[in-house]
Amino acid sequence: MSGAGRFEAYDGPDEPEDPKDPETPGDRGDPGAPEAKDTGEGHDGSGGPDDPGNGDSPDPGSDPHRPPRIPMPRASVEDGGRPLPTLEELGDLAPPPAPLVLEHPVLKALLGAWALAACSPEEALAVEEHLGDCGSCADEALRLREAVGLLQRPESLDLDPGLRTRVLDSCLDRRPPRIPVPEWATPYDAETARLDALLQDFGDAEWHAPVRLRWFEGEQQSSRRTTVAGVIAHLLTVDGLVAVALGLDDPLGSAAGAPTPAARTEAYWRASHYPPTRSVRAPWREQSHDLVRTVSFTGGTTGRLAVSYGDFELPLHDAMLDRAFECWVHAEDIAEAVDYPYAAPSARHLNRMIDLAARMLPTVLAVRRHSGLAAPAAGRRLVPAGEPGRSLRLEIEGHGGGNWLIPLDSPGAVGSAEHEVAHVALDGVEFCHLAAGHVSPEEAAAGQQGDRDAIRDVLFAAASLSRM
């Protein structure tokens, strides 16, 4: 069909048209070719699209601003007689610059900067050209690149541990809660939520990954081998001490009766027909929610309720802080077992954990002295309860830091700057690892000044705060 109103296939000449020929209008793809004048009529001389006798669609080529439906062939640069572009005009097709010519000692000295990506482009090109020819420099460059990889700390995919607290504080400022969580229970609420977030994507291999629980006992460190699921079972049974004090169900059930955290954990492990699996996560998380909910419904008035740990007691507000501390420490154990980074608690919560340990140090120090593990100091001076006595200044630097004056001679005495005989400086996380039994007193990176015996006794007392 070749009726009017449709485009014919373009039938170009066999020989290329000469663009210099004034008689040749040029091909239709040439922007210099003259355009057809728009007469408003169809190709067959009939009227435009409004003509009722025109049965075909309007000619799209009648619009000078609309491209043709069938692209016209374009003449090559050689056939058109135009000059070829220069290399500068091509840009990307230009050959790369020649590498710098440097001597071997200079190139070898640049290997460290090259490994750190600190060289200029020209220097990097010269080094890479040299590495292809020099085997010794190539080996050295490989070692330096591996060392640079070790210098980079693994980035955690977890959110900032303080983000949850900031978001909740912002929300609660806008709409106060009808039943607020007591301030002394917020660290436990935050740490259990962080640990639960770590556990949510664990597979069977991670739940059975080996974990070694570590604590300090007497004058040496002790340890117990278990799994990730076993650690959660341990947290479940020890948190059960707080649950029992609040009148909630004991997770040990019929096996209850073991008074200490270690005995309760061993009883739970023995009562299990099989090693704990991922199924332990649900009861642990449900119990943690019940604890926070219960202390919230009581209005915070139960803070002074005593929680028995078998051989000692803690007020409920301190017991909840103790459980938050142990939850964080064992979360670090789990993260280490699965090779995953885990951040410390927020500064505000970490400061409260350090404060609890500092308040417990005088009592632990007195127990160790009574057991013969801490020799009486030559200048020891007993004072009545509430009176100032010899003191050690515990300075915690960095995250969650502060200063505490620890009475040395009597748990009932009051720390006093006027009676300060020693000064110890520790990083906040380092002190917590010492109190958790993960760092021995001899290995603790502590700045020390003053009475060496008092410093040693306090560091060993801090390690004795740990338990299974």
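Residues numbered from 1 in each chain as written. Predicted model: local features only at pLDDT ≥ 70, side-chain atom pairs only at ≥ 80, totals over all residues. Heavy atoms only, no water.

## Some words on the packing of aromatic side chains
Going by this rule: Ring pairs are drawn from Phe, Tyr and Trp, using the six-membered ring of Trp, whenever the two centres fall within 6.5 Å, and their geometry is named by plane angle: stacked under 30 degrees, edge-to-face over 60, tilted for the rest. Each residue is placed in one exposure class: buried if its accessible area under a 1.4 Å probe, protein chains only, is under 20% of its type's maximum, exposed if it is over 50%, and partly exposed if it falls in between. Two limits define a charge over a ring: the Lys NZ or Arg CZ must be within 6 Å of the ring centre, and within 35 degrees of the ring normal.
According to the stated counting rule, one finds 4 aromatic pairs in the structure shown. Note on Phe 202 and Trp 207: the rings are 6.1 Å apart at their centroids and 75° apart in plane angle, and the pair reads as edge-to-face. Like Phe 202, the residue Trp 207 is buried in the burial classification. A cation sits over an aromatic face here: Arg 456 above Phe 460, 4.2 Å from the ring centre.

## A closer look at unusual backbone geometry
The line we're drawing: A helix here means a DSSP run of H or I that spans at least four residues, while a strand means a run of E at least two residues long, and both kinds are numbered starting from the N terminus.
The phi torsion at Ala 117 lies on the positive side, around 60°, for a residue other than glycine. By the element assignment, Ala 117 lies in the loop between helix H4 (111-115) and helix H5 (121-131). A residue is classified by how much of its surface remains accessible, and Ala 117, at 68% relative accessible area, is exposed. Look at Asp 339: it is not a glycine, yet its phi comes out positive at around 60°.

## Quick notes on a nonpolar patch on the surface
Put simply, the test is: Exposure above 30% relative accessible area and no salt bridge define the residues that can form patches, which grow by joining like charges within 9 Å and nonpolar side chains of Val, Leu, Ile, Met, Phe, Trp and Tyr within 5 Å. The protein chains shown are the only cover counted for residues, whose accessible areas, like all others here, come from Shrake-Rupley with a 1.4 Å probe. The term salt bridge refers to a pairing of a side-chain nitrogen on Lys or Arg with a carboxyl oxygen on Asp or Glu at a separation within 4 Å.
A contiguous nonpolar patch, built from Leu 100, Leu 102 and Val 106 and spanning about 210 Å² of accessible area, is present on the exposed surface. In this structure, Leu 102 sits in the loop between helix H2 (87-90) and helix H3 (104-109). Overall, the relative accessible area of 31% leaves Leu 102 in the partly exposed class.

## So, the packing of helix H10 (residues 228-245) against helix H13 (residues 316-337)
Applicable threshold: Think of each axis as a best-fit line through the C-alpha atoms, taken over the contacting stretch in the case of a helix, with angles from 0 to 180 degrees between the N-to-C directions. Here the angle decides the label: under 35 degrees means roughly parallel, over 145 means roughly antiparallel, 65 to 115 means roughly perpendicular, and every other value means oblique. Two residues form a contact once any of their heavy atoms are found within 4.5 Å. Under the scheme applied, nonpolar residues are Ala, Val, Leu, Ile, Met, Phe, Trp, Tyr, Cys and Pro; charged residues are Asp, Glu, Lys and Arg; polar residues are all the others, including Gly.
One can describe the packing of H10 onto H13 by two numbers: an axis separation of 11 Å at closest approach and a directional angle of 180°. In this view, H10 runs roughly antiparallel relative to H13, as classed from their interaxial angle. Across the interface between the two elements, Val 228, Val 231, Ile 232, His 234, Leu 235, Val 238, Asp 239 and Val 242 from H10 touch Leu 316, Ala 319, Met 320, Arg 323, Glu 326, Cys 327, His 330 and Ile 334 from H13. Class assignment of the residues belonging to the contact of H10 with H13 gives a composition of 11 nonpolar, 2 polar and 3 charged.

## Section: the pairing of strand S7 (residues 414-427)
This is how the line gets drawn: If DSSP finds at least two bridges between two strands, the strands pair.
Note: strand S5 (residues 388-397) against S7, 9 bridges, orientation parallel. Bridge pairing in S7 links Glu 397 to Asp 427.

## Observations concerning H10
Here is the rule we go by: The span expected for a helix works out to 1.5 Å for each residue beyond the first. What the bend at a residue measures is the angle between two axes, fitted to the seven residues ending there and to the seven starting there.
For H10, spanning 18 residues, the distance from its first C-alpha to its last is 27 Å, which sits close to the expected 26 Å at 1.5 Å a residue. Asp 239 marks where H10 bends most, by close to 25°. At the exit of H10 stands Gly 247, carrying a positive phi of roughly 85°.

## A few points about the sheet that holds S5
Judged by pairing direction, the sheet is mixed, and its 4 strands sit side by side in the order S6-S5-S7-S8 without closing on themselves. Each end of this open sheet is capped by a strand with a single partner; those strands are strand S6 (402-407) and strand S8 (447-450). Taking each pair of neighbouring strands and ignoring which way they run, the sheet shows an average axis angle of 25°. Set on the sheet, helix H15 (residues 428-435) makes contact with S5 and S7; between it and S7 the angle comes to about 95°.

## Side note on the nonpolar core
Note the threshold: For our purposes a nonpolar core is just a set of buried Ala, Val, Leu, Ile, Met, Phe, Trp, Tyr and Cys residues, chained together by side-chain atoms within 4.5 Å.
One finds Leu 195, Leu 199, Ile 232, Trp 328, Ile 334, Leu 392 and Leu 394 to be the most contacted residues of the largest nonpolar core, which totals 85 residues. Top contributing element to this core by residue count: H13, with 12 residues. When neighbours within four sequence positions are excluded, Leu 199 is seen to be in contact with Trp 207, Val 228, Ile 232, Arg 281, Trp 284 and Ile 334. If you look at the next biggest cluster of nonpolar residues, it comprises 14 residues, including Leu 111, Val 127, Cys 137 and Val 148.

## What about the pairing of S6?
Where S5 lies against S6, 6 bridges are found, and the strand directions are antiparallel. Bridge pairing in S6 places Ser 391 opposite Pro 407. As consecutive antiparallel partners, S5 and S6 are separated by 4 residues, and within that stretch Gly 398 has a phi angle of approximately 75°, a positive value.

## Topic: the packing of H10 against helix H12 (residues 281-297)
Note the cut-off: We call a crossing left-handed when the near helix sits turned anticlockwise from the far one by less than a right angle, and right-handed when that turn is clockwise.
Relative orientation of the contacting elements H10 and H12 amounts to 30°, with a least axis distance of 10 Å. By the angle class used here, H10 and H12 are roughly parallel. In the crossing of H10 with H12, the sense of the turn from one axis to the other is left-handed. Between H10 and H12, the contacting residues are Ile 232, Leu 235, Leu 236, Asp 239, Gly 240, Val 242 and Ala 243 on the first element and Arg 281, Pro 283, Trp 284, Gln 287 and Leu 291 on the second. Looking at the contact of H10 with H12, its residues break down into 8 nonpolar, 2 polar and 2 charged.

## Overview of the pattern of salt bridges
Following the criterion strictly, the structure yields 23 salt bridges and no others. Among the ionic pairs, Arg 352 bridges to Glu 183, the shortest N-O distance being 2.8 Å. On the criterion of sequence distance, the pair formed by Arg 352 in helix H14 (residues 347-370) and Glu 183 in the loop between helix H7 (163-174) and helix H8 (186-199) is long-range, its members being 169 residues apart. Judged by relative accessible area, which is 22%, Arg 352 ranks as partly exposed. The class for Glu 183 is partly exposed, based on a relative accessible area of 44%. Note that Asp 290 and Arg 293 form a salt bridge whose closest N and O atoms lie 2.7 Å from each other.

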